Structure formats: structure tokens, C-alpha cells
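The residues making up each chain are set out below.
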Amino acid sequence: ETKQVWQHCDAKLGGTLLTYVVIDWPSGYDIGSPGVLRALKDVHAVLYEEPMLGNPYSVLNLLLSFSRSRKVTTDHIRQLDRLPSHVRDRLICRNASRGVVVAYVPDASAADLLPLFSSLDEKLASLEERHPGFRMHLTGTSVVASRNVHRIIGDLAKSLALATLVIFVVMSVAL
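An account of the accompanying structure is given in this report. If you're wondering where the values come from, they're calculated on a predicted model, not measured in any experiment.

A tally of regular secondary structure across the chain gives seven helices and five strands. When its helices and strands are written in sequence order, the chain yields α-β-α-β-α-α-α-β-β-α-β-α. Computed over C-alpha atoms, the radius of gyration of the chain comes to 22 Å, more than 25% over the 16 Å expected from 2.2 N^0.38 for 175 residues, which places it beyond the range of a compact globule. For the chain, the spread of C-alpha atoms along the principal axes amounts to about 85 × 45 × 25 Å.

Within the element layout of this structure, His131 appears in the loop between helix 6 (110–130) and strand 5 (135–139). Residue His131 is classed as buried on the basis of its relative accessible area, which comes to 7%. When near neighbours in sequence (up to four residues on either side) are disregarded, His131 contacts Gly35, Arg38, Ala39, Asp42 and Met136.

Taking 1.5 Å of rise per residue, twelve residues should cover 16 Å, and helix 1 (residues 2–13) covers 16 Å from first to last C-alpha, within 8% of that figure. Among the twelve residues that make up helix 1, one are buried, leaving the element largely open to the surroundings. Once helix 1 ends, the next one or two residues include Gly14, with phi positive near 80°.

Another aspect to go through is the side chain of Asp42. Of note, Asp42 is situated in helix 2 (residues 34–49). What Asp42 contacts, discounting residues up to four positions off in sequence, is Leu127, Arg130 and His131.

Along its 21 residues, helix 6 runs 30 Å from first to last C-alpha, staying within 8% of the 30 Å computed at 1.5 Å per residue. The set of residues buried in helix 6 consists of Ala110, Leu113, Leu114, Leu116, Phe117, Leu120, Leu124 and Leu127. Buried residues along helix 6 cover an arc of 165° about the axis, so they all sit on one side. Opposite the buried face of helix 6, at more than 90 degrees from it, the exposed residues are Ala111, Pro115, Glu122, Glu129 and Arg130. Turning to helix 6, the residues buried within the fold contact strand 1 (17–24), helix 2, strand 4 (98–105), strand 5 and helix 7 (141–174).

What counts, and where the lines are drawn
- Residues numbered from 1 in each chain as written.
- Predicted model: local features only at pLDDT ≥ 70, side-chain atom pairs only at ≥ 80, totals over all residues.
- Heavy atoms only, no water.
- Helix = DSSP H or I, 4+ residues; strand = E, 2+ residues; numbered from the N terminus.
- Rg over C-alpha atoms; globule rule 2.2 N^0.38 Å.
- Buried < 20%, exposed > 50% of the residue type's maximum accessible area, 1.4 Å probe, protein only.
- Contact = heavy atoms within 4.5 Å.
- Expected span 1.5 Å × (residues − 1).
- Arc of directions from axis to C-beta.

Here it is as C-alpha cells:
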């Protein structure tokens, strides 16, 4: 029953686990800078392309929610300061020139998620080339756990192969 509920939540919410794309921009830029807004839009576009990911959101969503024309203005940037800090600071850190785009990921196996994360890493690397000085990386517990589980399984397979070889050699010498 629990698994069915979890799968239902994954289907309805676009995933139940979170993954993050952290965007670091050059100092001298601010959230209202056209380069930062373009980079955020590009990251959103990359995340929307992936069918396994659900509902990416960032400070860009907040800024666009202030606007009827779907264009961000300096007035919208000033409105960010009116938001409660616990809301705003989860998505942007102006002092560190850093923002985050959050997306939902389904609770799937590492084997299913690793190709997705590898693809996202490649796409983010190409975005970094299009946005010089910007750094974008994928992180979150789902990303780290999937990569670690994959590494553990690979190490286990290697150690089992080595143990088999050693046992075979010892048995051959003994007999």
C-alpha cells in the first residue's frame, strides 16, 4: 500500500524527491541582470525538456508571478525584498551571487535516474559555455544517492570478481 501511495504521489506531483541546479554568476551581476535572467530561463528550459522531472521553480517563478506581462522589471526585483526572507533565501543568495532552480524527481532506481542526471550534466555544461562566467551544477540527495549507489554496486562487483579469482587460485594450489 505504501508503495502504491508513493507512486501515486510521484505521478500527481511530478516526483516526490528534489533535485537542485545551483547557478553561480559572476560578481557584479545581480538577479535583475539580463544575463542572470537568461541563464535562469535556459536552466528552466533544460529541466522542462526532461519528461521525468516535474515542475521546476526558482526565483524566476516568483518574479514572473509579480508581472502580468510575463516580463521582469526593476520594480519586480524590488518586490523580492518584500518577501519573507525564509521564502526568498531558499531560492537566491544575493551576497554569494547564487541562485537555485528546484525540480521534482520520481522515486526511481539509480539505474533509471543516472542516465537522466548524466544528460542534465551535459546540458548544463553546454549552458555554461553559452553563459561565460556562470557555473551550473546538479545536486541534491537524489543525485548524490543515485551516484553513490551506482559506485557501491560497481565496487561490489569488482570485489566479488577478485574474491572469486583468489578463491579459485587458492583452491587450485591446495588441490
